[in-house]
Amino acid sequence: MNILTYLIPISLVLGGFGLLFFVFTLRTNQYDDPEGDAQRILSDEWDDKPKPSPQPSPQSTPKPEKP
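Calculation notes
Residues numbered from 1 in each chain as written. Predicted model: local features only at pLDDT ≥ 70, side-chain atom pairs only at ≥ 80, totals over all residues. Heavy atoms only, no water. Helix = DSSP H or I, 4+ residues; strand = E, 2+ residues; numbered from the N terminus. Buried < 20%, exposed > 50% of the residue type's maximum accessible area, 1.4 Å probe, protein only. Areas by Shrake-Rupley, 256 points an atom, 1.4 Å probe, with all protein chains shown as cover. Phe/Tyr/Trp six-rings, centres within 6.5 Å; stacked < 30°, edge-to-face > 60°. Contact = heavy atoms within 4.5 Å. Patch = residues over 30% accessible without salt bridge, like charges linked within 9 Å, V, L, I, M, F, W, Y side chains within 5 Å. Salt bridge = Lys/Arg side-chain N within 4 Å of Asp/Glu carboxyl O.

Moving on, we get to the overall build of the protein. Helix and strand content of the protein: two helices and zero strands. Split into buried and exposed, the 67 residues of the protein put 3% on the buried side. Of the roughly 7,300 Å² of accessible surface on the protein, 63% is carried by carbon and sulfur atoms.

The following block contains the structure:
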C-alpha cells in the first residue's frame, strides 16, 4: 500500500501536464482549419460513396490439383 503514496501523485502530475498541454493547444488555435473546411465541401475528391474494391475473378485463383 505504500506504493500508492508514490503512484497517485505521479499520475495526478502527469494528468495535469496533459491537461495543460491540451489547453495550450486550444489557446494557440491548433485545431482550427477554416480554409480546409471550405475547400473540402467544394471538392469532389472526397466522395461519401467510395467505389467498391474489385473482387478477384474465379479464373485468376489457382485451383488445387488433385493427386
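Next comes the rest of the account.
What the rule picks out here adds up to one aromatic pair. Consider the rings of F22 and Y31, whose centres lie 6.2 Å apart with planes at 45°: the pair is tilted. When its relative accessible area of 41% is taken as the criterion, F22 is described as partly exposed.

So, about the side chain of T25. Its location among the elements puts T25 in helix α1 (residues 4-27). The residues touching T25, leaving out its near neighbours within four places in the chain, are Q30 and Y31.

The next thing to look at is unusual backbone geometry. You will see that N29, though not glycine, has its phi angle at about 55°, which is positive. Judged by its relative accessible area of 48%, N29 is partly exposed.

Taken together, the side chains of M1, I3, L4, Y6, L7, I8, I10, L12, V13, L14, F17 and L20 make up a nonpolar region of the molecular surface, amounting to roughly 1,300 Å² of accessible area. The residue L14 is located in helix α1 in this model.

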